[in-house]
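Topology and contacts: notes
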Amino acid sequence: MDDITRKVAEETLIFTSERGVFWERTRTLFIADTHWGGTHRTLASLADDLRRLSALITRFDTQRLIILGDMIDVQGVGEAGILQVISAWRETYAEIPISLVRGDQEREAGDPPLDLNIDVVNGPTPGPYFVLCHQPHQPEKGYAIAGHLHPAIMIDGHKIPCYRFGERCLTLPAFSDEVKCRSFDPAPNDEVIIIGKLP
C-alpha cells in the first residue's frame with residue numbers, strides 16, 4: 001500500500017508501511033524500538049531490519065535518522081556479532097547523523113558503543129517543532145513523537161502494528177518485525193493508521 005502523508009503541527013510527515021515516519025522538510029527519518037540483539041532475535045533478523053532501514057534511507061534521501069529509544073537490547077550489548085553487523089552498517093551511512101533518544105534498554109544497559117557515532121540524548125527533547133521521547137508524552141506545548149508501546153490493533157484475531165495518532169502525541173510501532181506488539185483500545189480522540197497488508 002502507498003505511504004500516507006499527513007500534516008502534523010503544520011509539518012509534513014510521511015507514514016510508511018515499513019514502520020518509519022519521514023519528516024519531509026528536514027529530510028529526517030524517525031523509527032522506534034529496534035531492540036537489536038533481544039531475546040529470540042537472530043543475526044538474520046537484524047540483517048533484515050538493516051536492509052529495510054537502508055531502503056527507507058535511500059528512498060527518501062534521508063539526511064538524518066532519529067531512533068526513539070530501545071535500539072540495542074540488554075542481551076545484545078555484549079554480543080560481538082550483533083555489534084559487528086551494526087558497526088558495518090553504520091560505516092556505510094557514516095555521513096548521516098544519527099540521534100538516539102534514551103529508552104528503557106539504554107537506561108539499563110548503557111548507551112551504544114562510541115564508535116557507532118550516535119548522538120544520545122534524554123527525552124523529552126524541547127523541540128522546537130517536535131518533542132521527541134521514548135515513552136509517550138503529552139507536552140504542554142508542541143507535539144510529541146514517541147515509541148515504547150509497540151502499538152497494534154486487533155483485526156480478525158490478529159495483532160496488526162499501527163501508528164497511534166493522538167491529539168498531542170504520535171506513537172510509532174516497533175520497527176522490527178520480531179518485536180512483540182501490544183494491542184490497545186483507542187481513546188476517543190485517537191486515530192489509528194495502518195499501512196500494509198491486512199490478514
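Refer to the structure presented above.
This is a predicted model, so every value here is computed, not measured. Per-chain numbering applies: the sequence of each chain, read as written, is numbered from 1 onward. Local features in a predicted model are, by the rule used here, given only for residues with pLDDT of at least 70; side-chain atom pairs are given and counted only at 80 or more, and totals for whole chains, interfaces and linings are based on all residues. Note that the side-chain values use all heavy atoms of the structure and ignore hydrogens as well as water.

1. What about the overall build of the protein chain?
- The helix and strand inventory of the protein chain stands at 4 helices and 15 strands.
- Buried residues are those whose accessible area, probed at 1.4 Å on protein chains only, stays under 20% of the maximum for their type, while exposed residues exceed 50% and partly exposed ones sit between those limits. For the protein chain, the proportion of its 199 residues judged to be buried stands at 50%.
- Should any heavy atoms of two residues lie within 4.5 Å, those residues are counted as being in contact. Here the analysis covers contacts within the protein chain between residues at least 6 apart in sequence; of these, 65% occur between residues at least 24 apart.
- Here Asp and Glu are counted as negative and Lys and Arg as positive; His is not counted, and neither are the chain ends. Where a charge lies is defined by one atom per residue type: Lys uses NZ, Arg uses CZ, Asp uses CG and Glu uses CD. The protein chain carries 20 positive and 29 negative side-chain charges, and their two centres are separated by 3 Å. Numbering of helices and strands runs from the N terminus; a helix is a DSSP stretch of H or I covering at least four residues, while a strand is a stretch of E covering at least two.

2. Focus on unusual backbone geometry
- Here Gly-123 and Pro-124 are connected by a cis peptide whose omega angle stands at 0 degrees.
- With respect to the helices and strands, the residue Pro-124 is situated in the loop between strand S7 (118–121) and strand S8 (130–132).
- Its identity is not glycine, yet Arg-19 carries a phi of approximately 70 degrees, on the positive side.
- Checked against the element boundaries, Arg-19 lands in the loop between strand S2 (11–15) and strand S3 (21–23).
- Look at Arg-19 and you get buried, because its relative accessible area is 16%.

3. A few points about the side chain of Arg-19
- Nitrogen and oxygen atoms within 3.5 Å of one another constitute a polar contact, given that in protein one can donate a hydrogen and the other can accept it, and given that sequence-neighbouring residues count only through two side-chain atoms. In terms of polar contacts, Arg-19 uses its side chain to reach the backbone carbonyl oxygen of Ala-174, at 3.2 Å.
- Other than its neighbours up to four places away in sequence, Arg-19 contacts Ile-31, Arg-52, Pro-161, Tyr-163, Pro-173, Ala-174, Phe-175, Ser-176 and Asp-177.

4. With respect to the pairing of strand S11 (residues 158–161)
- In the sheet, strand S10 (residues 151–155) pairs with S11 via 4 bridges, with the strands oriented antiparallel. When the sheet's bridge partners are listed, Met-154 is paired in S11 with Lys-159.
- If DSSP finds at least two bridges between two strands, the strands pair. Between S10 and S11, which follow one another and run antiparallel, lie 2 residues, and Asp-156 among them has a positive phi close to 50 degrees.

5. Notes on the side chain of Ser-45
- In this fold, Ser-45 is placed in helix H1 (residues 43–60).
- A polar contact is formed between the side chain of Ser-45 and the backbone oxygen of Thr-42, at a distance of 2.8 Å.

6. Digging into H1
- Helix span, expected: 1.5 Å multiplied by one less than the number of residues in the helix. Helix length check: H1, at 18 residues, gives a terminal C-alpha distance of 26 Å against a target of 26 Å (1.5 Å per residue), a fit within 8%.
- Among all positions in H1, only Ser-45, Leu-46, Asp-49, Leu-50, Arg-52, Leu-53, Ser-54, Leu-56, Ile-57 and Phe-60 are buried.
- The inward-facing, buried residues of H1 contact S2, S3, strand S4 (28–31), strand S5 (64–67) and helix H3 (80–92).
- After H1 finishes, the residue Asp-61 shows a positive phi value of roughly 50 degrees.

7. Digging into the nonpolar core
- For our purposes a nonpolar core is just a set of buried Ala, Val, Leu, Ile, Met, Phe, Trp, Tyr and Cys residues, chained together by side-chain atoms within 4.5 Å. With 26 residues, the main nonpolar core has Leu-29, Leu-53, Leu-65, Met-71, Ile-86 and Trp-89 as its most contacted residues.
- Mapped by element, the contributors of at least two residues to this core are S4, H1, S5, H3, strand S6 (98–101) and S7.
- Looking at this core, the element that brings in the most residues is H1, giving 6 residues.
- Every residue in contact with Trp-89, bar those within four places of it in the chain, is listed here: Leu-50, Leu-53, Ser-54, Ile-57, Leu-65 and Ile-98.
- Within the second largest apolar cluster, 20 residues are counted, among which are Leu-13, Val-21, Ile-66 and Leu-170.

8. Considering the environment of His-158
- Take His-158: it is sitting in strand S11.
- Taking the relative accessible area as the measure of exposure, His-158 reaches 40% and is therefore partly exposed.
- His-158 sits 33 residues away from Glu-191 along the chain, and the two C-alpha atoms are 19 Å apart.

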